[in-house]
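Coordinates in review
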Amino acid sequence: ELKQALDAEVLLLDRAAAIGERFAWNHQEFRVEYPSIAAHLSVDGVFLVSALAAARAGDVDHVVAKFPDPARSFLTLYRLALEAAGDAAAASVYLGVMELLLLHARSKVEEGAFDPPDTVGGSAGAFSGVAHLVRELGGARDVRLRDAALCLLVALIDAEANT
């Protein structure tokens, strides 16, 4: 995409020079659109599919550290999962990253790294969307979405605040 944009700019400069026009290129106004990047799921600048792959490879702490505020990101991911109701692949990615953030936060609480009110999902892991996830699970036809929702529910149910 960058190469195409630069080639188009060079072509404009060449055409102007060919007909004798004085033309100055303004690098400050030069912009490149990257639709291929826009198509990737991301939250807070973190590309989620890549983050899940890195976490599965064992780099969980590094992945979670990329989220500036994991608790806020957790809620953003839930909102995005709700908005992606017609896109099971996207919704399953959002739910998968929610599970990752929740399990990481819980492990840090158990290690004494921070107090429960700082955990993902609210105070001691409380999350008001559990009942909604259970209802949605009943209608889930896509196996990826169903698996992601079940994994997240298991992690949420492990938190005393959600039982």
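Presented here is an overview of the structure given in this document. Numbering of residues starts from 1 in each chain and follows the order in which that chain's sequence is written. In keeping with the predicted nature of the model, local features appear solely for residues at pLDDT of at least 70, side-chain atom pairs appear and are counted solely at 80 or more, and the whole-chain, interface and lining totals rest on all residues. Side-chain metrics rest on all non-hydrogen atoms present in the structure, leaving aside hydrogens and water.

The next thing to look at is a nonpolar patch on the surface. Here a patch means residues that are over 30% exposed by relative accessible area and free of salt bridges, tied together within 9 Å if like-charged and within 5 Å if nonpolar (Val, Leu, Ile, Met, Phe, Trp, Tyr). Only the protein chains shown count as covering a residue, and every accessible area follows the Shrake-Rupley method with a 1.4 Å probe. Criterion for a salt bridge: a side-chain nitrogen of Lys or Arg within 4 Å of a carboxyl oxygen of Asp or Glu. Residues L12, F23 and W25 make up a contiguous nonpolar surface patch of roughly 300 Å² in combined accessible area. We count a stretch as a helix when DSSP gives it H or I for four or more residues in a row; a strand needs E for two or more, and each element gets its number in order from the N terminus. Note that W25 resides in the loop between helix 1 (2-18) and helix 2 (35-38). Accessibility here uses a 1.4 Å probe with only protein chains present; expressed as a share of the type maximum, an area under 20% marks a residue as buried, one over 50% as exposed, and anything in between as partly exposed. When its relative accessible area of 38% is taken as the criterion, W25 is described as partly exposed.

So, about the packing of helix 7 (residues 130-139) against helix 8 (residues 143-157). In this description, a line fitted to the C-alpha atoms serves as the axis of each element, helices being fitted only across the stretch in contact, and the angle between N-to-C directions of two axes falls anywhere from 0 to 180 degrees. Packing of helix 7 against helix 8 brings their axes to within 10 Å, and their N-to-C directions diverge by 150°. The pairing of helix 7 with helix 8 is recorded here as roughly antiparallel in orientation. Helix 7 and helix 8 meet at a crossing whose hand is left-handed. Listed contacts from helix 8 to V130, L133, V134 and L137 of helix 7 are R146, A149, L150, L152, L153 and L156. Gly is put with the polar residues, along with every residue not named as nonpolar or charged; the nonpolar set is Ala, Val, Leu, Ile, Met, Phe, Trp, Tyr, Cys and Pro, and the charged set is Asp, Glu, Lys and Arg. Across the contact of helix 7 with helix 8, the residue classes tally to nine nonpolar, no polar and one charged. Here roughly perpendicular refers to angles of 65 to 115 degrees, roughly parallel to angles under 35, roughly antiparallel to angles over 145, and oblique to all remaining angles. Handedness of a helix crossing follows the sense of rotation of the near helix relative to the far helix, less than a right angle counterclockwise being left-handed and clockwise being right-handed. Residues count as neighbours in contact if any of their non-hydrogen atoms are within 4.5 Å of one another.

So, on to helix 3 (residues 48-56). Here helix 3 has its buried residues at L48, A51, L52 and A55. Down the axis of helix 3, the buried side of the element spans an arc of 100°, and every buried residue falls inside it. Turned more than 90 degrees away from the buried face of helix 3 sit V49 and S50, all of them exposed. Just downstream of helix 3, G58 is the residue with a positive phi angle, here 105°. What the arc covers is the set of directions going from the helix axis to the C-beta atoms.

Honestly, that's just the spatial picture; any functional story needs more than this.
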